[in-house]
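Remarks on the overall topology
What follows is the residue order along each chain.
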Amino acid sequence: MVNTMNVDNLLKEIKKKKIKVNESNIKKAFEFAKIAHGDQKRISGEPYFIHPYKATLTLIQKMNPDEKAIIACLLHDVIDDTPFTKEDIKQEFGEEVTFLVNGVTKLGKIKYRGVERQIENLKKMFLAMAEDIRVILIKLADRHHNMQTLNYLPKEKQYRIALETLEIYASLANRLGIGQIKGELEDLAFPYVYPKEYKWLIKNVQEKYHEREQYLKRIKPIIEKELKRANINFIEVQIRAKFHYSLYKKLLRYNKNINEVHDLAAMRIIVNTIEECYATLGLIHKFWTPLPGKIKDYIALPKPNGYQSLHTTVFCVDGKITEFQIRTLEMHEQAEYGIAAQWFYDEKGKPKSGAFIPKKLRWVQQLIDWQKNLKNNTDFLENLKIEFFKDRIFVFTPKGDVIDLPEGAVPIDFAYQIHSEIGNHCLAAKINNKMAKLDTILKNGDIVEIITQKNKSPSPSWLNFVKTNYAKNKIKSYLEKTGKIKKTNIKILKIELKIKLKDRVGLLKDIFQIFAKEKINIESISTDHSEKGYPLVTINFSLKEKSVLDKLIKNLNKVKGMKEINQRIL
Ligand code: MN
């Protein structure tokens, strides 16, 4: 094993993936990490350096990193586990690498608490705290190797780490569209989290799977011959086995009847152009009858995470039901690497701005373009105050619970978020164990402790610096109740609009312009896909008069491609 830890192996893989690097920088990082970890050992008894080495290999092979990310991955455990410091890394490798290594080190400090409701929060926090997608990619590679040596850890730890991998890391990879890593992480965790189910699956699937594979191997040359004959210049015909965990989840939907699942192993055809995708589909249907309802055009209608391909299931050679996936190389890379696919990096190899919020990739791209166009129009953006992802921060209670707040929030916002009584009797705050003023602006990752006193009550001055409407309203109602301020009669209407419409470039811009014209601040916005494949936009805002709402809806109805608007007064 030790002999395989060779920098030339890394460089060979880097070349294979056509990643541009300065080889001497990679060699330097390799040597530095090796020396830094010295004769430290893993619990498995292997030299410690095997861990960053293997993680880096995975990063290169499966996630399309740039040079800085490769170096940072080699160094990712140096700050925590060796005598070398952040300053040493800065001196040797510069700011950017240090930023990445430090980001990975910080993420390592987040402890997972098995509380269900926190999972979603944690995922968001990972994304927000990372600030740079490369930190997450390194973290995924790190976890990928740790999962491979999980058997050396005590039983309870195995379960906890595997569960965390399944619920947080794999779903994070999925959300980023990195299909390959998602599938591998799930399969590594599966036997530890669901041992009985795993054994059942292996026992019942193995034979069937083997049979399938033999069959696909037999028909592969037939398909290649027909493609050539039709002058379709394909890149590759692959045999794809389904991942164990995703197969298990699928089987649960079919009452565990293995004969109902046709994509145990599928045929995948990779071609050069979209035209060739459809030509290939036509060719397959010419020879073999498709199963009704199984043709899926994810090229025209991509999945929400950006996945594109044509799928069809046919009665193939000897009448055996077989699934085909057809895609271009670009779509293939998008499906395997997701956000890490090449097009997400600019020429310098840095992630493009906004690259780490791929909720719905097409929409994100549209938003980035739109923001670019409006760069000089800061008033317009200011006025809209769109609370997108990057405007949120995540802070902790001393127990490690995560509280999600808008940027600019202060300890009083935090206090009211925990409980209105804590807010009403808030006396002082500690931030990261130091006493802090109540108007201190909180930062991502701060640990906040609120000190209360029974006879303390809200002060009108708090209204000048609290950020959240929630805290503002609670303070106002307390002050009104105790007669400290006069009751105001203006009732604020909280409104939610659900807008269903046809996707096109410039859509969000048109909608936002209508809001801006009426001088309405959007409080939050999210996009989703409705059942019929139309984008569904949910917008929340507040108004003082109902008449403004009627005017707004009238104008929104004029937007090109508008299908339906549903209003709700909350
Ligand atoms: Mn590590």
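Scroll up for the structure.
A word on the overall build of the protein chain. Assigned secondary structure in the protein chain consists of 21 helices and 14 strands. Looking at the protein chain as a whole, 48% of its 570 residues qualify as buried. Summed over its atoms, the accessible surface of the protein chain is roughly 29,100 Å², and 50% of this surface lies on carbon and sulfur atoms.

What follows is about the sheet that holds strand β4 (residues 310-315). In space, the five strands of this open sheet follow the order β1-β2-β5-β4-β3, with mixed pairing throughout. Two strands bound the open sheet, and with one partner strand each, they are β1 (236-241) and β3 (296-297). In this structure, β1 lies alongside strand β2 (residues 265-271), joined through six bridges in antiparallel fashion. Residue pairing across strands places Arg240 opposite Ala266, the latter belonging to β2. Strand contacts of helix α11 (residues 195-229): β1, β2 and β5 (321-328), with the helix running at about 25° to β2, the strand carrying the most contacts.

We now examine helix α1 (residues 7-16). The set of residues buried in α1 consists of Val7, Leu10, Leu11, Glu13 and Ile14. Taken end-on, α1 shows its buried residues confined to a sector of 160°, consistent with a single buried face. Away from its buried face, by an angle of more than 90 degrees, α1 presents the exposed residues Lys12, Lys15 and Lys16. Considering only its buried residues, α1 is in contact with α2 (23-37), α3 (50-63) and α4 (67-74). The residue sitting at the N-terminus of α1 and contributing the capping side-chain oxygen is Asn6; that oxygen lies 2.8 Å from the backbone nitrogen of Asp8.

On to the side chain of Arg327. Note that Arg327 resides in strand β5. For Arg327, a relative accessible area of 2% gives the class buried. Among the polar contacts listed, one links the side chain of Arg327 to the side chain of Ser309, at a separation of 2.7 Å. Here Arg327 is in contact with Arg268, Ile269, Ile270, Val271, Cys277, Tyr307, Gln308, Ser309, His332 and Ala335, once residues within four sequence places are set aside.

This part is about the environment of Val548. If you trace the backbone, Val548 turns up in helix α21 (residues 546-556). Sequence-wise, Val548 and Lys519 are 29 residues apart; in three dimensions their C-alpha atoms are separated by 10.0 Å. Val548 has contacts with Glu518, Ile520 and Leu543, leaving out every residue within four places of it along the chain.

Let's shift gears to the sheet that holds strand β10 (residues 448-452). Taken together, three strands build an open sheet; the order of strands is β9-β8-β10 and the sheet is antiparallel. The sheet is open, and its two borders are formed by β9 (434-436) and β10, each paired with just one other strand. The sheet shows a mean angle of 35° between the axes of neighbouring strands, taken without regard to direction. Across five bridges, the pairing between strand β8 (residues 426-431) and β10 is antiparallel. Along β10, the bridge assignment pairs Lys430 with Glu449.

We now examine the coordination of the manganese ion. Protein-derived ligands of the manganese ion are His51 (NE2), His76 (NE2), Asp77 (OD) and Asp142 (OD), with the metal-ligand distances lying across 2.2 to 2.3 Å. Residue classification places His51 among the buried positions, given a relative accessible area of 1%. A residue is classified by how much of its surface remains accessible, and Asp142, at 7% relative accessible area, is buried.

Look at α2: 22 Å from first C-alpha to last across 15 residues, which is about the 21 Å you get at 1.5 Å a residue. Immediately beyond the C-terminal end of α2, within one or two residues, lies Gly38, with a positive phi of roughly 50°.

A separate point is the nonpolar core. Counting residues in hydrophobic clusters, the biggest one holds 50 residues, and the most contacted among them are Leu59, Met63, Leu75, Phe93, Val97 and Leu140. Broken down by secondary-structure element, the contributors of at least two residues to this core are α1, α2, α3, α4, α6 (86-108), α8 (133-148), α9 (155-175) and α10 (179-193). If sequence neighbours within four positions are ignored, Leu75 has contacts with Ala29, Phe32, Ala33, Ile89, Phe93, Val97 and Val101.

Positive phi, normally seen in glycine, also occurs at Asn432, with a value near 50°. By the element assignment, Asn432 lies in the loop between β8 and β9. Overall, Asn432 belongs to the partly exposed group, its relative accessible area being 39%. Its identity is not glycine, yet Asn433 carries a phi of approximately 75°, on the positive side. Structurally, the position occupied by Asn433 is in the loop between β8 and β9. Taking the relative accessible area as the measure of exposure, Asn433 reaches 64% and is therefore exposed.

Rules used throughout
Each chain has its residues counted from 1, running along the sequence as written. Local features in this predicted model are restricted to residues whose pLDDT is 70 or higher, and side-chain atom pairs enter the listing and the counts only when it is 80 or higher, whereas totals over whole chains, interfaces and linings include all residues. The side-chain values count all of the structure's non-hydrogen atoms but skip hydrogen atoms and water molecules. Numbering of helices and strands runs from the N terminus; a helix is a DSSP stretch of H or I covering at least four residues, while a strand is a stretch of E covering at least two. With a 1.4 Å probe rolled over the protein chains alone, any residue whose accessible area is under 20% of its type maximum counts as buried; one over 50% counts as exposed, and the rest are partly exposed. Shrake-Rupley sampling with a 1.4 Å probe provides the accessible areas, and residues are treated as covered by the protein chains on show and by no other component. In this description, strands pair whenever DSSP reports at least two bridges between them. Throughout, a contact is declared for two residues whenever any of their heavy atoms are within 4.5 Å. Every axis in this analysis is a line fitted to C-alpha atoms, fitted for helices over the stretch in contact. Angles between the N-to-C directions lie between 0 and 180 degrees. Directions are taken from the helix axis to each C-beta atom, and the arc is the one they span. Polar contact is defined as a pair of N or O atoms within 3.5 Å, subject to the rule that within protein one atom must be able to donate a hydrogen and the other to accept it, and that residues adjacent in sequence are counted only when both atoms are side-chain atoms. For Na, K and Ca the donor cutoff is 3.2 Å, while for all other metals N, O and S atoms must lie within 2.8 Å; water is not among the atoms, so some sites may look incomplete. In this scheme, a helix's expected span is set at 1.5 Å multiplied by one less than its residue total. Nonpolar core, defined: a set of buried Ala, Val, Leu, Ile, Met, Phe, Trp, Tyr and Cys residues in which side-chain atoms within 4.5 Å join the residues together.

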